[in-house]
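# Examination of the molecular architecture
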Amino acid sequence: MLPEIFRPIMWSYDFEKCDPQKMKNTIITNAVNYGTLAHWRWISSFYGNELIEERLDKMPLAFRDSARNLAKILLSK
């Protein structure tokens, strides 16, 4: 189950049906583009930085430039 803090950034989805494994691309994208540091910490601990970096590289058009650049900086630490 996805933590409740994700409800505001997953507003266009049926939150109760959001499966973190099946919807990982959507969850990572929304967390990076619209989430807070708490969202970023959760995706980092749940999915791992390697998977997030892979998504940032393989799906560049899914991310806002500023959010993508910030994510790259945060993930490099």
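The structure reproduced in this document is the subject of the present report. Since the model is a prediction, treat every value here as computed from it, not as a measurement.

Packing of helix α1 (residues 24-34) against helix α2 (residues 37-47) brings their axes to within 9 Å, and their N-to-C directions diverge by 150°. Here α1 is positioned roughly antiparallel relative to α2, judged by the angle of their axes. Here α1 and α2 pass one another in a crossing that is left-handed. Contacts between α1 and α2 involve K24, I27, I28, A31 and V32 on the former and, on the latter, H39, W40, W42, I43 and Y47. For the contact of α1 with α2, the class distribution of residues is eight nonpolar, one polar and one charged.

Within the structure shown, the criterion is met by four aromatic pairs. Consider the rings of W42 and Y47, whose centres lie 5.9 Å apart with planes at 90°: the pair is edge-to-face. When the centroid spacing of 4.9 Å and the interplanar angle of 85° are considered together, the rings of F46 and Y47 count as edge-to-face. For F46, a relative accessible area of 37% gives the class partly exposed. The buried category is assigned to Y47, whose relative accessible area is 12%. One aromatic cluster is present, formed by F6, W42, F46 and Y47 through successive ring pairs.

Rules of the game
- Residues numbered from 1 in each chain as written.
- Predicted model: local features only at pLDDT ≥ 70, side-chain atom pairs only at ≥ 80, totals over all residues.
- Heavy atoms only, no water.
- Axes fitted to C-alpha atoms, helices over the stretch in contact; angles between N-to-C directions.
- Helix = DSSP H or I, 4+ residues; strand = E, 2+ residues; numbered from the N terminus.
- Parallel < 35°, antiparallel > 145°, perpendicular 65-115°, else oblique.
- Left-handed = near helix turned anticlockwise from the far one by under 90°.
- Contact = heavy atoms within 4.5 Å.
- Nonpolar A, V, L, I, M, F, W, Y, C, P; charged D, E, K, R; others polar.
- Phe/Tyr/Trp six-rings, centres within 6.5 Å; stacked < 30°, edge-to-face > 60°.
- Buried < 20%, exposed > 50% of the residue type's maximum accessible area, 1.4 Å probe, protein only.

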